Amino acid sequence: MSGDLLNEKKRAAQWFRSLRDQIVAAFEALEDSHDTGPLSEAAPGRFEVSDTTRASEDGSDAGGGLMSVMRGGRVFEKVGVNVSEVYGTLGEAAQKAMAARGVPGIAENPRFWASGISLVAHMQNPHVPAVHMNTRMFWTPGAWWFGGGSDLNPCIEYDEDTAHFHATQKAHLEPHGADLYPRLKDWADEYFYIPHRHRARGVGGIFMDDRNSGDWEADFALTQDIGRAFLPAFVPLVEKRRGQAFSEADKDTQLIHRGLYAEYNLVYDRGTKFGLATGHDANAVLMSLPPLAKWV
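None of the values given here were measured: they were computed from a predicted structure. (Residues numbered from 1 in each chain as written. Predicted model: local features only at pLDDT ≥ 70, side-chain atom pairs only at ≥ 80, totals over all residues. Heavy atoms only, no water.)

S.K.: Looking at this structure, I do not really get the environment of Ser288. What am I missing?
M.R.: With respect to the helices, strands and loops of the structure, Ser288 is situated in the segment after helix H8 (282-285). In the structure, Ser288 is positioned 92 residues away from His196 in sequence and 20 Å away in space, judged by C-alpha atoms. Here Ser288 is in contact with Val120, His122, Tyr261 and Asn265, once residues within four sequence places are set aside. There is a polar contact of 2.7 Å between the side chain of Ser288 and the side chain of Asn265. (Helix = DSSP H or I, 4+ residues; strand = E, 2+ residues; numbered from the N terminus. Contact = heavy atoms within 4.5 Å. Polar contact = N/O pair within 3.5 Å; in protein donor to acceptor, adjacent residues only side chain to side chain.)

S.K.: How should the nonpolar core be read in this particular structure?
M.R.: Looking at soluble globular proteins, one finds that nonpolar side chains tend to be buried together. Membership of the largest hydrophobic core comes to 50 residues, with the highest contact counts inside it found for Ile23, Phe27, Phe76, Phe230 and Phe234. If one sorts the elements of this core by residue count, helix H5 (residues 216-241) sits on top with 11 residues. Sequence-distant contacts of Phe27, defined by excluding residues within four places in its chain, comprise Phe47, Phe76, Val79, Leu119, Phe230, Leu231 and Phe234. Counting residues in each nonpolar core, the second largest holds 11 residues, with Ala94, Met98, Phe138 and Ala143 among its members. (Core = buried A, V, L, I, M, F, W, Y, C linked by side-chain atoms within 4.5 Å. Buried < 20%, exposed > 50% of the residue type's maximum accessible area, 1.4 Å probe, protein only.)

S.K.: I would appreciate a short explanation of unusual backbone geometry in the present structure.
M.R.: Of note, the phi angle at Leu39 is positive, near 70 degrees, even though the residue is not glycine. When you line up the elements, Leu39 lands in the loop between helix H1 (6-33) and strand E1 (48-55). Phi angles above zero are rare outside glycine, and Asp210 is one such case at about 55 degrees. The residue Asp210 is located in strand E9 (residues 204-211) in this model.

As structure tokens, then:
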């Protein structure tokens, strides 16, 4: 395996793009099949797709990606599915953040490459949970690692929905070791906690970062299975809840809960901070924010 991992980077970026294509198709199919219940009389939503670009300080190409956003659908109020492949030299703030995490050699050679998929879905019906998913690979001359996961963010909680979401993820992780799901579940509970609100932003899921077991193939396979778990974990919940009637009070509950999501992403989320610090397209980075939220 070469130090630059050229083939591995290509495979990872292709996988994230393939997963993006699967998810976009599945979400548009949910829009098409919603023919009874709230908003079923509206036109089915479709993704608007645009390229994102990033330039180095000297103006040279530094990568980019694809931003796919659906707004005002029958099922999805706003959902974004972004993929990116960016590279270049880390700025001073990003170098310090990487060094603080123990990444070797950053000061001597601050080159980097990163690719991933990031998804956030905010739903029309308050009974359908919001959801977040991302997986990514990061490389520097001194290290490489994978990260990501998915977590469920209902404003109206259903125990059976939470159980299904977690059971699906557990089933996809078990081939990689019986101890893995409990560890990644605990990690998600810790990571997606909002300290200033003294509560979690949702009902958890799985999360990992800095994953480098020394076996690139094994870690890539794990990352792929985290991605593969997403649709079977989430789509059945959408199909179950999208036709339920909801009240103005339910919608109010949803908007207030979205405030938690916005606060977390703007204050704590590592991906948001990195994207803005490295000059990636701000609209793509902030795609995760809900279209409407409320604070009381």
